[in-house]
Amino acid sequence: PLLVGVLVGLFAVVFLKYYHLINKFFNAKLKKIPHRIKIFAVYVLTLIFGLVSYSFISTGHETFSLLLEKDVAVYGLFILLFVRMTLTLFANTNKLTGGVFVPIIALGAITASIISKLLQQLFGMSDAYYTAILVLGISACISAMMKMPLTALVFSLEALGGVNNVLHVIIVVAVSFVITELFEVKGINDSIISNIIKSQEETHERKIIDTHVVIKKNFLLLFSSLMDSSKI
């Protein structure tokens, strides 16, 4: 759990910095390009990779099924991780997604699968821990990327079917969260909200209106009489 927490925490830092890089690319470097053209480009990329493999897109159900088969090579998992991560951030940066919770779960599963396979190849870890590492990796991603450690804890306890592994879950959730705090990166939700507010400040004119209302005595008497049930 300690090693999984550290590795997922470091990946979360890379992911969150990658988000800011993509956001800067679309909203600063490509600022003069009409939004509809950028949306069309994202749709085309999503279509192309979706035709190559459904695991690159969608909610992640196909990805989970693929990972549970355990026959995907490590290099293939790295490609899958990079493509899904990039397409998700492309869509989110261009306001094409309603949320990132489900995509984060898929990315966490892929990351955990990579970690598990590397541990098996480098240190001879038993294949029996594969599913447990998937759950721990997803929980660590929720904790680190979204800064939601309690949600990650509840998710793991439900997925593992009890509290027998609660200590391992607490370790992986806490370690991954602390690493992102050490690197001083915001959670993905906070980053998205900050960018939306910044965009609105640039495109909307701010107005401050100062006014006052005088409440007369007769109005107060009328209001008090209406509140008195005996007089209604």
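For every chain, the first residue of its written sequence is number 1, and the numbers climb from 1 along that sequence. pLDDT decides what is reported in this predicted model: residues at 70 or higher carry local features, side-chain atom pairs at 80 or more are listed and counted, and totals for whole chains, interfaces and linings draw on all residues regardless. Computation of side-chain values: all heavy atoms of the structure, hydrogens and water removed.

## Notes on the confidence of the model for the chain
Scored by pLDDT, the chain comes out at a mean of 86, with 91% of its residues at no less than 70. Mean pLDDT across the elements of the chain ranges from a minimum in helix α10 (residues 217–227), with 63, to a maximum in helix α8 (residues 166–182), with 94. Scored between 0 and 100, pLDDT is the confidence that the predictor attaches to each residue. Helix numbering and strand numbering both begin at the N terminus, where a helix is a DSSP run of H or I of at least 4 residues and a strand a DSSP run of E of at least 2.

## Structural notes on the packing of aromatic side chains
Any two of the Phe, Tyr and Trp rings considered here, Trp counted by its six-membered ring, make a pair once their centres fall within 6.5 Å; the pair's planes then place it as stacked at under 30 degrees, edge-to-face at over 60, or tilted in between. Scanning the entire structure with this criterion turns up 5 aromatic pairs. Between Phe 25 and Phe 26, the ring centres sit 5.4 Å apart and the planes meet at 80 degrees, which makes this aromatic pair edge-to-face. Aromatic side chains Phe 49 and Phe 56 sit 5.7 Å apart centroid to centroid with 80 degrees between the ring planes, which places their arrangement in the edge-to-face category. According to the relative accessible area criterion, Phe 56 is buried, its value standing at 12%. Among the aromatic residues, ring-to-ring pairing joins Phe 25, Phe 26 and Phe 90 into one connected group. Positioned above the aromatic ring of Phe 177, the side-chain terminus of Lys 147 is 5.7 Å from the ring centre. Partly exposed residues are those whose accessible area sits between 20% and 50% of the maximum for their type, while under 20% is buried and over 50% is exposed, using a 1.4 Å probe and protein chains only. By definition, being over a ring means that NZ of Lys or CZ of Arg is both within 6 Å of the ring centre and within 35 degrees of the ring normal.

## What about the nonpolar core?
Remark: nonpolar core denotes a set of buried residues (Ala, Val, Leu, Ile, Met, Phe, Trp, Tyr, Cys) joined through side-chain atoms within 4.5 Å. Within the largest apolar cluster, 57 residues are counted, with the highest numbers of intra-cluster contacts made by Val 4, Phe 15, Met 85, Leu 89, Ile 104, Met 145 and Ile 188. Every element with two or more residues in this core is listed here: α1 (2–29), α4 (74–93), α5 (101–123), α6 (130–146), α8 and α9 (188–203). Here, residues are in contact when the closest pair of their heavy atoms is within 4.5 Å. Residue contacts for Leu 89: discarding those within four places in its chain leaves Phe 15, Tyr 18, Tyr 19 and Ile 22.

## Re the side chain of Ser 191
Tracing the sequence through the fold places Ser 191 in helix α9. You can call Ser 191 buried: its relative accessible area is 2%. Setting aside anything within four residues of it in sequence, one finds Ser 191 in contact with Tyr 19, His 20 and Lys 186.

## Some details on the pattern of salt bridges
Salt bridges are defined as contacts in which a side-chain nitrogen from Lys or Arg sits within 4 Å of a carboxyl oxygen from Asp or Glu. Applying the stated criterion across every chain, the model contains 1 salt bridge. Here Glu 181 and Lys 147 are joined by a salt bridge, their closest N and O atoms 2.8 Å apart. Taken as a pair, Glu 181 in helix α8 and Lys 147 in the loop between α6 and α7 (149–160) lie far apart in primary sequence, 34 residues in all. On the basis of relative accessible area, Glu 181 is assigned to the partly exposed category, the value being 43%.

## What about the packing of α1 against α5?
At their nearest, the axes of α1 and α5 sit 11 Å apart, and the two run at 130 degrees to each other. Relative to α5, α1 is oriented oblique. Helix-helix and strand crossings are classified by hand; for α1 and α5 the assignment is right-handed. Along its contact with α1, which presents Leu 3, Val 4, Leu 7, Val 8, Phe 11 and Phe 15, the element α5 presents Ile 104, Leu 107, Thr 111, Ile 115 and Leu 119. Residue classes follow a fixed rule: Ala, Val, Leu, Ile, Met, Phe, Trp, Tyr, Cys and Pro count as nonpolar, while Asp, Glu, Lys and Arg count as charged, and any other residue, Gly among them, counts as polar. Its residues assigned to classes, the contact of α1 with α5 comprises 10 nonpolar, 1 polar and no charged. Axis lines are fitted to C-alpha atoms, over the contacting stretch for helices. Their N-to-C directions set the angle, which ranges from 0 to 180 degrees. Each angle is binned into one of four classes, with values under 35 degrees roughly parallel, values over 145 roughly antiparallel, values of 65 to 115 roughly perpendicular, and all other values oblique. Handedness of each helix crossing follows the sense of rotation of the near helix against the far helix: counterclockwise by less than a right angle gives left-handed, clockwise gives right-handed.

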